[in-house]
Amino acid sequence: MSDGTIVEARAFAPASVGNVGVGFDILGHAIEGVGDTVTVRRIAEPVVRIHAIRGTTVDLPRVAEDNTAGAALIALRAALDLPFGFEVEIDKGIALGSGMGGSAASCVAALVAANALLPQPLSREALYPFALTGEAVASGGRHGDNLGPMLLGGVVLSTADRLVPVPVPAAWHSLLVHPDAVLETRRARAALQGHYALGEFVAQSANLALVLSGCYTADASLVRAGLRDVLIEPRRAGLIAGFAAARDAALDAGAMGASISGAGPSVFAWFEQRDAALAAQGAVQQAFADAGFASQGWVSPLNAPAARLL
């Protein structure tokens, strides 16, 4: 525009590990090196349009209300009463149904790009409610375990209405391995139906407290004691061929803990040093190969970067 207003922006949002085993729907961390890219243009018409989706063989919704990025931008427009609209192009870099936060990444990248086009851009925390609205389109619930780390970077505790960054030592790294398989989020959530014993909740609460305490005090022994999912993992493990062997391979290689990333089928593990994570990668990928699946792996600092403008 002749008045100097920016009319187009591109943003990248990283993949993430949701739940981190012990923090179902509330704890997550960003992953460096893989993510989604979204281009947003200002248009005069007061609507949100999905112009293109690339990088996936699955037909994702082109109707804005049914698309995570579109729904988030619709919520943003409505809340700010914007007189203009947005046209969106999504380039997927995260496999669908991978447990790596793919739906959340498109949504966050769209918001970060659109935010740059606003007369008065919002803080990352202020974008969070709109991201929750977008994520709910894909998962059926307003949970921020993937959104928080994408917006802020690193490890983040994401509640219904706030984002709390969790400090971790710079040396700590994660290994994320994604087998060439799809586990639909809604199917993985359906596996969680049924009865839970009170003792399971107590044990999981204790484990979450140990992990958070270990992060805040840089005490790996506390994380080792707590990074064990006794609530969700037992109910989902049977949906993931090769999971137990992959998890055990990471633990045998010295991981502080390992579990399912998000809804699966990806597996994550935390290590005290990058070299240890790199050394474990082959064994974890071999476990999936033994189960009949090729896989991809990423080693990333736990303090991985947030979504960014390109």
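A few points on the structure. (Residues numbered from 1 in each chain as written. Predicted model: local features only at pLDDT ≥ 70, side-chain atom pairs only at ≥ 80, totals over all residues. Heavy atoms only, no water.)

**Thoughts on the packing of aromatic side chains**
Here is step 1: Counted by the stated rule, this structure contains two aromatic pairs.
Here is step 2: Judged by centre distance (5.6 Å) and plane angle (90 degrees), the ring pair of Phe84 and Phe86 falls under edge-to-face. We note that Phe84, like Phe86, is buried.
Here is step 3: Arranged with centres 5.8 Å apart and planes meeting at 45 degrees, the rings of Tyr196 and Phe201 form a pair that is tilted.
Here is step 4: Owing to a relative accessible area of 41%, Phe201 belongs among the partly exposed residues under this scheme.
Here is step 5: Above the ring of Phe84, the side-chain terminus of Arg42 is found at 3.6 Å from the ring centroid. (Phe/Tyr/Trp six-rings, centres within 6.5 Å; stacked < 30°, edge-to-face > 60°. Buried < 20%, exposed > 50% of the residue type's maximum accessible area, 1.4 Å probe, protein only. Lys NZ or Arg CZ within 6 Å of the ring centre and 35° of its normal.)

**Description of the environment of Phe201**
Here is step 1: With respect to the helices, strands and loops of the structure, Phe201 is situated in helix α6 (residues 198-217).
Here is step 2: When near neighbours in sequence (up to four residues on either side) are disregarded, Phe201 contacts Tyr196 and Leu231. (Helix = DSSP H or I, 4+ residues; strand = E, 2+ residues; numbered from the N terminus. Contact = heavy atoms within 4.5 Å.)

**Comments concerning the pairing of strand β2 (residues 27-43)**
Here is step 1: Taken across its 17 residues, β2 has 15 buried, putting it largely inside the fold.
Here is step 2: In this structure, β2 lies alongside strand β4 (residues 85-91), joined through seven bridges in antiparallel fashion. When the sheet's bridge partners are listed, Ile43 is paired in β4 with Gly85. (Pairing = 2+ DSSP bridges.)

**Some details on a nonpolar patch on the surface**
Here is step 1: Side chains of Leu198, Phe201 and Val202 sit close together on the surface and give an oily, nonpolar patch of about 320 Å² of accessible area.
Here is step 2: Examined against the element boundaries, Leu198 turns out to sit in helix α6. (Patch = residues over 30% accessible without salt bridge, like charges linked within 9 Å, V, L, I, M, F, W, Y side chains within 5 Å. Areas by Shrake-Rupley, 256 points an atom, 1.4 Å probe, with all protein chains shown as cover. Salt bridge = Lys/Arg side-chain N within 4 Å of Asp/Glu carboxyl O.)

**As for the pairing of strand β8 (residues 257-260)**
Within a regular beta strand, the side chains point alternately toward one face of the sheet and then the other, so they alternate between its two faces.
Here is step 1: Bridge count between β8 and strand β9 (residues 267-271): four bridges; the pairing is antiparallel. Looking across to β9, one finds that Ile260 is bridged to Val267.

**Section: unusual backbone geometry**
Here is step 1: With an omega of 10 degrees, the peptide bond between Gly264 and Pro265 qualifies as cis.
Here is step 2: Within the element layout of this structure, Pro265 appears in the loop between β8 and β9.
Here is step 3: Of note in the backbone geometry, Asn19 takes a positive phi value of approximately 75 degrees without being a glycine.
Here is step 4: Tracing the backbone shows Asn19 in the loop between β1 (8-18) and β2.
Here is step 5: Despite not being glycine, Asp25 shows a phi value in the positive range, around 70 degrees.
Here is step 6: The residue Asp25 is located in the loop between β1 and β2 in this model.

**Some remarks on the pattern of salt bridges**
Here is step 1: Across all of its chains, the model carries 13 salt bridges by this definition.
Here is step 2: With a shortest N-O distance of 2.8 Å, Asp25 and Arg189 are connected by a salt bridge. Linking Asp25 in the loop between β1 and β2 with Arg189 in helix α5 (residues 185-190), this pair joins segments that are 164 residues apart in sequence.
Here is step 3: Since its relative accessible area comes to 22%, Arg189 is described here as partly exposed.
Here is step 4: Put simply, Lys92 and Asp36 hold a salt bridge, and the shortest N to O gap is 2.4 Å. Highlighted residues: Lys92 in the loop between β4 and α2 (102-115) and Asp36 in strand β2, separated in sequence by 56 residues. The two residues Lys92 and Asp36 agree in class, both being buried.
Here is step 5: Three or more residues joined by partner-sharing salt bridges are found here, namely Glu8, Arg41, Glu45, Arg49, Arg54, Glu87, Glu89 and Asp91.

Read these as layout, nothing more, since geometry by itself doesn't imply function.
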